[in-house]
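Secondary and tertiary structure notes
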Amino acid sequence: MDHTKPLSERTVTLWLWIFPITYVIHIAEEYFLGGGYSAYLQKLRGVQLSTTRFLVAQSIGVVLMTIGVILAKRFRFQSMLIVILGGTVLVNGITHSVTSITHGGYGPGLITSGGMWIPLGLATLYRFKAENSSRRYWIAVAIGVGINAVISVLTMRGGSIV
């Protein structure tokens, strides 16, 4: 596959929708497997994040991601948003993987991280590099990393903004 040949608008739109869909699958794993992410976070880091707060925060994330996809199509910044989302899921997937390796066991989110998000993030960043100027590409990657940093801080605060 020639990664420098532009993709059709339909293909880009479909690719964008993969992110909220895989996000819902990732949330389901974090909720249902390994005792749940809230219990895992309590055990691993001593952080109290109620299951309700976890689900509310994740629901907000899905809604924001969905709105982003809709706005990106409407205002024609799909190729930048797709790199932002690619960077976001790649870093999240790596974080889950490193945490599981460091602590020597399964952590909720590990399966979807290794099986979906790391490959999706890598494929996206590789495929859409040519779709953006170098500056725009690296800004988008930095935004994706920044999103993970904000989520990490909020998570370590038990989901509290204040």
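Residues take numbers from 1 onward in each chain, read along the sequence in its written order. Local features in this predicted model are restricted to residues whose pLDDT is 70 or higher, and side-chain atom pairs enter the listing and the counts only when it is 80 or higher, whereas totals over whole chains, interfaces and linings include all residues. Neither water nor hydrogens contribute to the side-chain values; these are computed over all heavy atoms in the structure.

**Here we look at the nonpolar core**
To qualify as a nonpolar core, a set must consist of buried Ala, Val, Leu, Ile, Met, Phe, Trp, Tyr and Cys residues joined through side-chain atoms within 4.5 Å. Partly exposed describes any residue whose relative accessible area lies between the buried limit of under 20% and the exposed limit of over 50%, with all areas from a 1.4 Å probe on protein chains only and scaled to the type maximum. If you look at the biggest cluster of nonpolar residues, it comprises 31 residues, and the most contacted ones within it are L16, F19, L81, I82 and V83. Secondary structure elements follow DSSP: runs of H or I of four or more residues count as helices, runs of E of two or more count as strands, with numbering from the N terminus. Among the secondary structure elements, those contributing two or more residues to this core are α1 (9–32), α2 (37–45), α3 (51–75), α4 (78–103), α5 (110–127) and α6 (134–156). When near neighbours in sequence (up to four residues on either side) are disregarded, L16 contacts V69, A72, Q78, L81, I82 and L85. The contact criterion used throughout is that any non-hydrogen atoms of two residues lie within 4.5 Å.

**What about the layout of surface pockets?**
Sizing a probe to match a water molecule and rolling it over the atoms shows the empty space that remains. Both cavities and pockets are sets of points on a 1 Å grid over the protein atoms alone; in a cavity a 1.4 Å probe fits but cannot get out, in a pocket the set is open with protein on both sides within 12 Å along at least five of seven lines, and lining residues sit with an atom within 4 Å of a point. Grid points are joined across faces, edges and corners, and a volume is the space filled by probe spheres set on the points. Of the voids in this model, the largest pocket is the one considered here, and its volume is about 1,200 Å³. In terms of lining residues, the largest pocket is bounded by 40 residues, among which Y23, Q58, I147, I151 and T155 are the most central. Every element with two or more residues in the lining of the largest pocket is listed here: α1, α2, α3, α4 and α6. Class assignment for the residues of the lining of the largest pocket results in 24 nonpolar, 13 polar and 3 charged. Of the pockets and cavities examined, the second largest pocket occupies roughly 160 Å³. Lining the second largest pocket, in full, are L7, E9, V12, R76, F77, Q78, S79 and E131. Secondary-structure elements contributing two or more residues to the lining of the second largest pocket are α1 and α4. Three categories are distinguished: nonpolar for Ala, Val, Leu, Ile, Met, Phe, Trp, Tyr, Cys and Pro, charged for Asp, Glu, Lys and Arg, and polar for the others, with Gly belonging to the last.

**Some thoughts on the pattern of salt bridges**
Proximity of charged atoms lets side chains of opposite charge pair with each other. By definition here, a salt bridge exists when the distance from a side-chain nitrogen of Lys or Arg to a carboxyl oxygen of Asp or Glu is within 4 Å. Enumeration according to the criterion identifies 3 salt bridges in this entry. Members of the salt-bridge network, linked through shared partners, are E9, K73 and R76.

**Considering α6**
Here a helix's expected span is defined as the number of its residues, less one, multiplied by 1.5 Å. Compared with the 33 Å implied by 1.5 Å per residue over 23 residues, the 33 Å span of α6 between its first and last C-alpha is a close match. For α6, the full list of buried residues reads Y137, A140, V141, G144, N148 and T155. Residues of α6 that are buried make contact with α2, α4 and α5. Directly beyond the C-terminal end of α6, a positive phi value near 75° is found at G158.

**Focus on the packing of aromatic side chains**
In summary, the pairing rule links any two rings of Phe, Tyr or Trp, Trp by its six-membered ring, whose centres are within 6.5 Å, and it sorts them by plane angle into stacked for under 30 degrees, edge-to-face for over 60 and tilted for everything else. Scanning the model with the defined rule gives 6 aromatic pairs in all. Taken together, a centroid distance of 4.9 Å and an interplanar angle of 90° make the contact between W15 and F128 edge-to-face. Here F128 lies in the loop between α5 and α6 and W15 lies in helix α1, a separation of 113 residues in the sequence. Judged by relative accessible area, which is 0%, F128 ranks as buried. Judged by centre distance (5.9 Å) and plane angle (45°), the ring pair of Y23 and W117 falls under tilted. Separated by 94 residues along the polypeptide, Y23 in helix α1 and W117 in helix α5 bring together distant segments of the chain. These aromatic residues form a ring-pair network of at least three members: Y37, Y40 and F54. The ring of F75 is capped by R74, whose NZ or CZ atom sits 5.2 Å from the centre of that ring. We count a charge as sitting over a ring when the NZ of a lysine or the CZ of an arginine lies within 6 Å of the ring centre and within 35 degrees of the ring normal. The ring centre of F128 lies 5.9 Å from the NZ or CZ of R127, which sits over that ring.

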